[in-house]
Amino acid sequence: MSDEFILDIRNVTKRFPGVTALDDVSIQIRRGEIHGLCGENGAGKSTLMKILSGVYPYGTYDGAILYEGRELKLENRSIRQAIEEGIAIVYQELTLVPDLTVGENVFLGKEPVERGSINWNRLYADTREILANYQLDVQPQALVRHLGVGKMQMVEIAKALSENAKILILDEPTSALSEAEITKLMEILQTLKSHGVTCIYISHKLEEFFRITDSVTVLRDGKTVTTQPTRDLTLEKLVHYMVGREMTERFPKGNRKPGEVIFEVENLQAQDPNDARHTVLNGVSFDLRRGEILGIAGLMGSGRTELVTTIFGEYGKVTGGTMRIEGREISVGNAREAMRQGLSLVPEDRKGQGLVLIQSILKNISLANLDQFASLLSIDADAELKASMGQAKNLAIKAPNLQVATETLSGGNQQKVVIAKWLLSHPKILIMDDPTRGVDVGAKYEIYKLMNELAEQGVAIVMISSELEEVLGMSDRVMVMHEGRSNGTLNIADASQERIMQMATGIA
Amino acid sequence: MAASTETKQPSTSLGAELGQRVRANLQTITIVLAWVAIVAIFSILASLEGKVFLSPQNVSNLFRQMTVTSFLAMGMVFVIVTGNIDLSVGKLAGFVSVVAAYFQATIWYKLIPDQPMIAAILSVIVGLLVGTLAGVLQGSIIAYLRVPAFIVTLGGMFILTGLILLVTQGKTIPANQPGFSYIAQGYLPAIVGWILAALIILFLFWNMFRSRQRKRKYGFELSSLTIDLIVNGVFSLVVIGFMYLVNQYQGLPFPVLLMFITAGIMTYVANNTRFGRYAYAIGGNREAARLSGINIRRTIFLIFVLMGFLSGLAGVVLASYVGYGTIAAGQGYELDAIAAAILGGTSTLGGVGTVFGALIGSLIMATLSNGLQILDTPPAWQPIVKGIVLVLAVLIDVYFRKNR
């Protein structure tokens, strides 16, 4: 039955010099279903997407792809052709032009033209129609810059739909979304499904497959492990298929023994650096103990990231409140001063804020800590190398050597480089902003283990996370933020997903 | 230590390793080969007219001609690496050259008569100070008041054009004290040249063995000794050949020595100091640099101060080279400097670029000027050919990148 499957990937093999990225992969995708695709980083998901979008054109791989019953032959580098065929991808990193409106973005490259000039009324009318059809709650005339990440994603989806996409591929759509936004996205996907659009859903957050997908395919090391209806799967089974071994616990049990209070934040207030009228922090208080992991939960926009960058001296103006380390009141004007006080910050966006991608692992690890090895006139290259190698080994960064550019590493290894960099200064207080975002299951586990080790050695850790399970699995206490305020701190024994969500949404 | 036992003997064949080395330095090799190709073309064309392009005298002239641009280009690498631009360097060098001339012609002989050596030294100091001061001024506005470098230096270019007119009053000012003339017109005795060459070669091999020792210490895979020896041998031969050629004429030109010393210092600064590391990090990812505690404003300020100092140096050499200061001094040099930096592989996106590349870029620019002069081509063709070569070079680079 060729009509049952809209996409039939048959025995596709894709080789690169030295590696086989896809090894005899076969996947059948039913018309109108939401098909989950999961696997660790390097399992072959991105390669497969690149074949479907035409980045790796027809002829550069073995095997066949049947689309709508005939063989899909995408020409050289013609992403346009894939879109015209009805295959659209919403990438993890959004690709909108921030200074254009929603409508202009949706119709970018295919503006309705009449007698040589753009018919703006039609453009906005069509945009409104698409948005209304799929219940996307965005204004066509709004500037994309002013939208939140969740809305931007809706615009991306609208853009794909405006091309009459039959298959919509979503590559980790929820990695930057809050719980509420994820719920909204799930609703949108259901609407798409009812309109007959087929979705391929890629994610690292395994729970999501159970919320939304009809069936799931697991890839491992470039091979298809299994395709099963979601109702036959469990979380444990899925993890098992992905890593090829039983993973009894997702969060390693540490032997943490929180000690005395080392860091206190009281009623911290701060302004938006770009808009002094807008206060972003309206009074945040918490304390942190030596050897403890304090989770910070909160919705997108609740001020979590702003809180930690303010503490690190790199956000807006502090307008009130105090911070004390070991009882001493401190003021922090920039990152350098923060580091001097014993603070480290693993930032939220590892590519945008954590790494100099074109530079080597070595240079990235030592960048924030050159003072340790350098006098005014020279850098002690031996000492730099020794210290960086020590960190790289400690974190088990997988790379041929330290001279490799960080842009060539997988997400998990990149994150390890960022963490290595921030451990090199031997912080007393380590702040980690979403440390496992976009990182595969195996690397996540290693990062958790490392956090436990550090805490056992007496480092105080603040961990922001968008994943409630992670917060619950790793923290000793959880501080919940709501609209720029700390809305209470829970001991882990009293915390539950419901309780945290209630506090994060201001119900409790 | 596990690391020391893991030291692997290179398992790859000599040819494969050589290929790897070539690929790793492809951009540098390409640009050097491009220069060789340009030289070959000029040699052939010149020989058709019965002239010799690579004569000792012309090689000596060629390197002397590239010096002014090279000082500017070496500073420009740092400026562009941090994602900035400096349009004022040509006029700044020009202004420095007329100031240096003005002090010699109208001030020193009144204050300190009959002291040509001291007058020359003071002129140099004044020139370097003026350049540095301009850098301090522009750098503060760019780094601390946060006006884009393009605009600040465009304004600077206008202002300096006016200042040159003010100082010269539209006239030509002589700058030909004997001591001062030596800076751009002097030659080192042959024996000094050979001693220098020997020292450089000794340094090359010492450095090679030191780096091999370090790699062994940290358990890194060693490249084959044969290849290291071949590479350093080739470099040594180039040094010997170059010294032989210039000694055939009058010896190593003093400004060329100055250029090589500057290049050595700047390369060291780029690779072995925090300042250099910070510059590349800022260009590679400003946000990551900021969160790493790097003082971005101060680094960028210092880069413009350095650029100002090098413009001052370029201006002093320029005044000495032409022997006077004129209203046209430094006209268009900023374009040569930017082109040289880009030809040498500096990325306009920031984060990438080398001092050595800028040097080769300057050499290409000078070779084009010199070659066209030798062939008696009308002056109009110089900028046309330079423009074509610049765009062609980047085009080829883009093409190779895409097809890698």
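Preceding this paragraph is the structure being described.
This structure is a prediction, so every number in the text was calculated from the model and none was measured. (Residues numbered from 1 in each chain as written. Chains lettered and ligands numbered in written order. Predicted model: local features only at pLDDT ≥ 70, side-chain atom pairs only at ≥ 80, totals over all residues.)

Time to look at the overall build of chain A. Along its length, chain A carries 17 helices and 22 strands. Considering only C-alpha atoms, chain A reaches an extent of 70 × 50 × 50 Å along its principal axes. Taking all 508 residues of chain A together, 46% fall into the buried category. Contacts spanning at least 24 positions in sequence make up 69% of the contacts within chain A whose residues lie at least 6 apart. (Helix = DSSP H or I, 4+ residues; strand = E, 2+ residues; numbered from the N terminus. Buried ≥ 20, exposed ≤ 12 C-beta atoms within 10 Å, placed from the backbone. Contact = placed C-beta atoms within 7 Å.)

A separate point is the overall build of chain B. For chain B, the helix and strand inventory stands at 17 helices and two strands. Computed over C-alpha atoms, the radius of gyration of chain B comes to 22 Å, within 12% of the 22 Å expected from 2.2 N^0.38 for 404 residues, which places it in the range of a compact globule. Taken over the C-alpha atoms alone, chain B extends approximately 75 × 60 × 40 Å along its principal axes. A separation of at least 24 residues holds for 82% of the contacts in chain B among residues at least 6 apart in sequence. (Rg over C-alpha atoms; globule rule 2.2 N^0.38 Å.)

Now for the sheet that holds strand 14 (residues 275-289) of chain A. All names here are of chain A. Taken in spatial order, the four strands line up as 14-13-16-17 in an open sheet, and their pairing is antiparallel. Single-partner strands in this sheet number two, and they are strand 14 and strand 17 (328-330). Taken pair by pair, the neighbouring strands of this sheet meet at an average axis angle of 20°, ignoring direction. Pairing analysis gives three bridges linking strand 16 (residues 318-325) to strand 17, with the strands arranged antiparallel. When the bridges of strand 17 are listed, Ile325 appears paired with Arg328. Sheet strands touched by helix 9 (residues 304-311): strand 13 (261-272), strand 14 and strand 16. Its angle to strand 14, the strand with the most contacts, is close to 80°. (Pairing = 2+ DSSP bridges. Axes fitted to C-alpha atoms, helices over the stretch in contact; angles between N-to-C directions.)

Between chain B and chain A, the contact holds 20 residues from the first and 26 residues from the second. Among the elements of the structure, helix 12 (274-284) and helix 13 (286-291) of chain B are those that each provide at least two residues to the side of chain B that touches chain A. Top contributing element to the side of chain B that touches chain A by residue count: helix 12 of chain B, with five residues. Of the residues contributing to the side of chain B that touches chain A, the split by class is seven nonpolar, eight polar and five charged. (Nonpolar A, V, L, I, M, F, W, Y, C, P; charged D, E, K, R; others polar.)

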